[in-house]
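If you want the building blocks of each chain, they are given just below.
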Amino acid sequence: MKKTTVWLAAILLVLAGSHGAFSSEKESVESLRGAVPIEAESVQPHAMEQNTDKDTIKRSFPLNPPMIPHAIDDYEITMSNNPCLSCHEDPASGAKVISESHHLDRDAKRHEGSAARRYFCTQCHAPQAKVDPLLENRYKP
Ligand code: HEC
Ligand code: HEC
């Protein structure tokens, strides 16, 4: 029984192929990565050059997560390593240490290092690049 089903499926596949069902689909459907064949590697999108100045950026409103005034493309945050904390947890580095809120978990329990919910810094803090804004910012705090 099982064998017959496999054979039937194989025959159907061959038939569908010979009628061009697959080839016409391939032409009309375009995925998000564009019309790049599956076997080919897509081209990496252009990345903006991040600002490298060290001056802090003025906050737009109180408790606004400050923007990152330096480039971060060399830092990769993983489960076991957070390169941001090598500076932002060490007062001797000259960088501001993470604020008290970053040590507290959702039950307000204090952790020695960053609490898990603050571990992936780039969830809230973004680097900056010099680009023409797509839309004018009319936000008023
Ligand atoms: C080599 C040291 C170093 C590393 C690594 C580093 N920073 Fe910084 N960072 C600095 C210094 C110096 C400043 C400027 C002084 C300050 O505001 O802390 C700064 C500023 C900032 C600020 C602005 C603080 C404010 O109050 O305006 C944020 C946010 C920040 N960094 C986030 C990050 C994140 C996120 C990472 C990792 C992706 C990172 N930094 C990695 C040194 C570092
Ligand atoms: C869930 C959002 C969130 C995440 C994740 C987060 N931050 Fe923040 N961060 C904030 C907010 C909001 C502020 C400003 C209010 C405050 O200090 O709590 C801030 C403030 C800061 C400051 C300025 C502190 C000061 O004294 O002025 C630094 C530096 C910073 N964050 C670094 C980091 C680093 C490094 C990480 C990753 C380990 C990180 N943050 C993860 C939201 C976040």
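Numbering of residues starts from 1 in each chain and follows the order in which that chain's sequence is written. Just so you know, chain letters begin at A and ligand numbers begin at 1, following the order they were written in. In keeping with the predicted nature of the model, local features appear solely for residues at pLDDT of at least 70, side-chain atom pairs appear and are counted solely at 80 or more, and the whole-chain, interface and lining totals rest on all residues.

Draft legend 1. Seen up close, the overall build of the protein. Helix and strand definitions here come from DSSP, where helices need a minimum of 4 consecutive H or I residues and strands a minimum of 2 consecutive E residues; each element is numbered from the N-terminal end. Secondary structure assignment for the protein yields three helices and zero strands. In sequence order, the secondary structure elements of the protein are arranged as α-α-α. Within the protein, the fraction of its 141 residues that count as buried is 1%. Residue pairs in contact within the protein that sit at least 24 positions apart in sequence constitute 41% of those at least 6 positions apart. Residue burial here comes from a neighbour count, namely the number of other C-beta atoms, placed from the backbone, that lie within 10 Å of the residue's own C-beta, with 20 or more meaning buried, 12 or fewer meaning exposed, and in between meaning partly exposed. Two residues qualify as being in contact provided that their C-beta atoms, derived from the backbone, are within 7 Å of each other.

Draft legend 2. Spatial organisation of the site of ligand 2. Here, nearness is defined through the C-beta atom: a residue counts as near a molecule or strand if that backbone-placed atom lies within 6 Å of it. Close to ligand 2 lie 20 residues, the nearest being P65, S99, S101, C121 and C124. Its residues assigned to classes, the shell around ligand 2 comprises ten nonpolar, eight polar and two charged. The nonpolar class holds Ala, Val, Leu, Ile, Met, Phe, Trp, Tyr, Cys and Pro. Asp, Glu, Lys and Arg form the charged class, and all remaining residues, Gly among them, are polar.

Draft legend 3. Region of the structure containing the environment of C121. Note that C121 resides in the segment after α3 (83–88). Taking the C-alpha atoms as reference, C121 lies 9.9 Å from P65; in sequence the two are 56 residues apart. When sequence neighbours within four positions are dropped, the list of residues in contact with C121 reads I77 and C84.

Draft legend 4. Quick peek at unusual backbone geometry. Phi angles above zero are rare outside glycine, and L63 is one such case at about 70°. Within the element layout of this structure, L63 appears in the loop between α2 (21–28) and α3. Residue L63 is classed as exposed on the basis of its C-beta count, with 6 C-beta atoms lying within 10 Å. The phi angle at A108 is positive, at roughly 65°, despite the residue not being glycine.

Draft legend 5. Structural context of the site of ligand 1. Taken together, 20 residues lie around ligand 1, and P66, C84, C87, K96 and C121 are the ones closest in. The residue makeup of the shell around ligand 1, split by class, is ten nonpolar, eight polar and two charged.

Draft legend 6. Expanded view of the confidence of the model for the protein. A score between 0 and 100, pLDDT records how confident the predictor is in each residue. A residue-level look at the protein finds 82% of positions with pLDDT of 70 or above and a mean pLDDT of 84. Looking over the protein, one finds the lowest element-wise mean pLDDT in α2, namely 55, and the highest in α3, namely 97.

Draft legend 7. Looking closely at the environment of F61. Relative to the elements of secondary structure, F61 occurs in the loop between α2 and α3. The class of F61 is exposed, set by 8 C-beta atoms lying within 10 Å. A sequence separation of 79 residues divides F61 from K140, and the C-alpha atoms of the two residues are 9.1 Å apart.

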